[in-house]
Amino acid sequence: MRSTVLLPRSGRATAAPPPANRRPLARRIGRRRGLLAAAVVVNQLAYGAVYSWSILSAGLQSPAGSFALGRDEAGLPFAAAHAVVFVGTVLGGLLLTVPQQADGSPGRRSRLSPRRIAVLAGLLYAGGYLLAGCAQGRQDFWLVLLGYGGIGGVGLGLGYIVPTTMLQRWFPRHRALAAGVATGGFGLGSVLSAPLSRLLVAHYAADPARVLLVLGAVFLVTTLTGAAFFADPPALATVPAQSGPQAGPVGLRPGQALRTGRWYLLTLILFCNTAAGISMLSVVAPAAGSLTGLGPAWAAVLTGVLGVFNTVGRPLWGWLSGRTGLLNAFVLMLLAQGLGLLALSRAHSPWAFLALAALVCLCFGGGFATMPAVVSEFFGLAHAGAVYGLMLIGWGMAGLAGPLAVAQVAARSSYSTAFLALGAVTVAAAVLPRLVRRRS
């Protein structure tokens, strides 16, 4: 059976060549794809700034500022944002679901257009920053929690899920690479927002909430500018379907996916891949100082450099997974991360530490490019946004549990022990992708 929405698993299936009178339309679609990919990167820059919270947190903790929060208090908005991001990803996935037609085949367009969903996401995310920026001091800290942590967190999840699903529909033969471009924009945002946040925190040292106000205004412009170009693809951009082993002609709905063993295995893979990278990044500066003697200034530079590798890893693994196979790519990523962490526990040279940490970050970013394509392969594209949105609970859990566990082990023993334990668990997780095809 054929469908105009579901994607080929390997990219080898070929569609019949279009008639001559449709070739100009095909060329216009090709140009539109490039414009759309650029728009996605612009749109995602704002959302990647969530990983610059540690810089904003330092401003909120400064005794010279109007908040003078403790370390635990300053971390609450970031934790709250990760706690509710799942709400946004699930909502976005449901809105991006392709309705079934009367004949049982999937349609081509989402329940709500990607443009409208992305605009809503931008308004929530930037609006959360703007609300948080209205706080006058410690007595208004609840505005930061509500704006950044609550409203902004939901907007983050909603804005993150849209381009990864939409671009796969526009690039059906290069699904992982398309997801890599989308998540690469997210990673680039984390790199670019760090120096901007540092400048603003230094400028508004006495009133750090103004940093959130400025960032909110900037993010409102970038998210809405990118979203203006979002759209579902026309019929000519789609290809004959060859869905995964159990997806069927339409694809599995979220409830059906949750009744399969594969969904839980894939969520566990995402959790392990994310936990390895985000746990290392959460302690990379003090760990570099402890293991190699690197000073605080150079440790800050190291953190910025690793953000670049996290960004590059997304399109890189999106491209590589098209050649190795999606599940084989996860085997390689988990092995590389695990072995890198094991070696990192014995790294005493700053250059060796940088090389190994960069390897971990390349694979950490690559997981976010590869998993959306895995979801569309096994569960079909019609409901891939909703299925993947549910799966991102693994991201949230890894972001909360992983850094906490590593910090506790490091406090009780050492950073070497923490990296050894994390590396061993990650290497063991490399067997999980092999189990996916055996489960139903």
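Everything discussed here concerns the structure shown above.
Described in the following lines is the structure provided in the data block. Along each chain, numbering runs from 1 in the same order as the chain's sequence is written. For a predicted model such as this one, the threshold for reporting local features is a pLDDT of at least 70, and the threshold for listing and counting side-chain atom pairs is 80 or more; totals across whole chains, interfaces and linings nevertheless cover every residue. Only heavy atoms go into the side-chain values, all of them from the structure, while hydrogens and water stay out.

With that settled, the discussion passes to the overall build of the chain. Where helices and strands are cited, they refer to DSSP runs of H or I of at least four residues and of E of at least two residues respectively, numbered from the N terminus. A count of helices and strands for the chain gives 17 helices and zero strands. Only protein chains enter the accessibility calculation, which uses a 1.4 Å probe. A residue is then buried if its area is under 20% of the maximum for its type, exposed if over 50%, and partly exposed in between. The buried share among the 440 residues of the chain stands at 54%. Only heavy atoms enter the contact rule, under which two residues are in contact if any of them lie within 4.5 Å. Expressed as a percentage of contacts within the chain between residues at least 6 apart in sequence, the contacts between residues at least 24 apart total 84%. Note on areas: Shrake-Rupley, 1.4 Å probe, and residue coverage restricted to the protein chains presented here. A total of about 17300 Å² of accessible surface is found on the chain, and carbon and sulfur atoms cover 67% of it.

This brings us to the nonpolar core. Among the buried residues, those of types Ala, Val, Leu, Ile, Met, Phe, Trp, Tyr and Cys that are joined through side-chain atoms within 4.5 Å form a nonpolar core. With 90 residues, the main nonpolar core has M371 and F379 as its most contacted residues. Here the element with the most residues in this core is helix α6 (residues 141-170); it accounts for twelve residues. Counting residues in hydrophobic clusters, the runner-up holds 24 residues, among them L291, A410, F419 and L422.

What follows deals with the packing of helix α10 (residues 261-292) against helix α14 (residues 384-391). Relative orientation and spacing of two packed helices are given, respectively, by the angle between their axes and the distance between those axes. Where α10 meets α14, the closest approach of the two axes is 10 Å, and the angle between their N-to-C directions is 55°. Comparing their axes, α14 and α10 come out oblique. Seen along the crossing, α10 lies across α14 with a hand that is right-handed. Residues W263, L266, T267 and L270 of α10 form the contact with α14, whose participating residues are V387, L390 and M391. Any residue outside Ala, Val, Leu, Ile, Met, Phe, Trp, Tyr, Cys, Pro, Asp, Glu, Lys and Arg is labelled polar, Gly included; the first ten of those are nonpolar and the last four are charged. For the contact of α10 with α14, the residue count by class is six nonpolar, one polar and no charged. In this analysis, axes come from line fits to C-alpha atoms, helices being fitted only over the stretch in contact, and the angle between any two N-to-C directions falls in the range 0 to 180 degrees. Oblique is the label for every angle not falling under 35 degrees (roughly parallel), over 145 degrees (roughly antiparallel), or within 65 to 115 degrees (roughly perpendicular). By convention, the crossing between two helices is left-handed when the near helix turns anticlockwise from the far helix through less than a right angle, and right-handed when the turn is clockwise.

Moving on, we come to helix α2 (residues 53-61). Turning to α2, its buried residues are W53, I55, L56, S57, G59 and L60. Looking at the buried positions of α2, the neighbouring elements they touch are α3 (71-74), α4 (76-95), α6, α7 (175-203) and α8 (209-227).

Quick look at a nonpolar patch on the surface now. On the surface, L177, V308, V312, L316 and W319 cluster together into a nonpolar patch covering about 380 Å² of accessible area. Here V308 lies in helix α11 (residues 296-324). Exposure remark for V308: the relative accessible area of 38% places this residue in the partly exposed category. Candidates for patches are residues over 30% relative accessible area with no salt bridge; among them, like charges are joined within 9 Å and nonpolar side chains (Val, Leu, Ile, Met, Phe, Trp, Tyr) within 5 Å. Definition used for salt bridges: Asp or Glu carboxyl oxygen within 4 Å of a side-chain nitrogen of Lys or Arg.

Here we come to the pattern of salt bridges. One pass over the full model with this rule turns up three salt bridges. For E73, the salt bridge identified is with R138, shortest N-O distance 2.9 Å. Of this pair, E73 sits in helix α3 while R138 sits in the loop between α5 (114-132) and α6; the two residues are 65 residues apart in sequence, bridging distant segments of the chain. E73 sits in the partly exposed class, given a relative accessible area of 30%. You can call R138 partly exposed: its relative accessible area is 40%. Between R210 and D207 there is a salt bridge whose closest N-O contact spans 3.3 Å.

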